[in-house]
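Chain by chain, the residues run as shown.
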Amino acid sequence: VQLQASGGGLVQAGGSLRLSCAASGRTFSSYDMGWFRQAPGKEREFVAAISWSGGLTYYADSVKGRFTISRDNAKNTVYLQMNSLKPEDTAVYYCAAGQGRFPGRTEADFGSWGQGTQVTVSS
């Protein structure tokens with residue numbers, strides 16, 4: 001599956017953004033999906049995951065209560081709604097697809113990756 005992330009941008013602290021990740025191929029609905037992020041000088045970290053059906057979600061503690069992951073299998077798209085953004089949320093955000101045990105929380109759990117979209121939160 002090929003992934004294309006979009007929706008990043010510059011936002012003030014406290015604001016919101018919604019990221020989208022469009023997938024190609026007819027097997028999107030068989031993949032668990034995840035979002036990761038990488039800030040400058042830091043390792044890529046897990047943000048959120050959603051099961052293939054959308055029935056299960058899992059979040060990193062740092063974003064729980066502020067971010068919501070969702071998917072529309074009819075549109076082959078996964079979303080990340082980000083509210084109450086903080087400067088420490090600044091990073092390149094990547095979507096990923098995997099078929100391992102849910103929830104995948106490491107890069108090794110996801111075999112396909114999008115190109116990343118930049119999110120910058122100003123203070």
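Quick caveat, the model's predicted, so the values are computed rather than measured.

Caption draft 1: Fine view of the overall build of the protein chain. Across its full length, the protein chain holds 0 helices and 11 strands. The secondary structure elements of the protein chain, listed N-terminal to C-terminal, are β-β-β-β-β-β-β-β-β-β-β. The C-alpha atoms of the protein chain give 13 Å as radius of gyration, which agrees with the globular expectation for 123 residues (14 Å, within 12%). Taken along its principal axes, the extent of the C-alpha atoms in the protein chain is 40 × 25 × 25 Å. Looking at the 123 residues of the protein chain, the share that counts as buried comes to 45%.

Caption draft 2: The sheet that holds strand S8 (residues 77–82), seen in detail. Across the sheet, which stays open at both edges, the 4 strands sit in the order S1-S3-S8-S7 with antiparallel pairing between neighbours. Two strands in the sheet have a free side with no partner beyond their single neighbour: strand S1 (3–6) and strand S7 (67–72). Taken pair by pair, the neighbouring strands of this sheet meet at an average axis angle of 15°, ignoring direction. Judged from the 4 bridges that link them, S1 and strand S3 (residues 17–23) form a sheet pairing that is antiparallel. The residue bridging Leu-3 from the neighbouring strand is Ala-23, located in S3.

So, how was this worked out
Residues numbered from 1 in each chain as written. Predicted model: local features only at pLDDT ≥ 70, side-chain atom pairs only at ≥ 80, totals over all residues. Heavy atoms only, no water. Helix = DSSP H or I, 4+ residues; strand = E, 2+ residues; numbered from the N terminus. Rg over C-alpha atoms; globule rule 2.2 N^0.38 Å. Buried < 20%, exposed > 50% of the residue type's maximum accessible area, 1.4 Å probe, protein only. Pairing = 2+ DSSP bridges. Axes fitted to C-alpha atoms, helices over the stretch in contact; angles between N-to-C directions.

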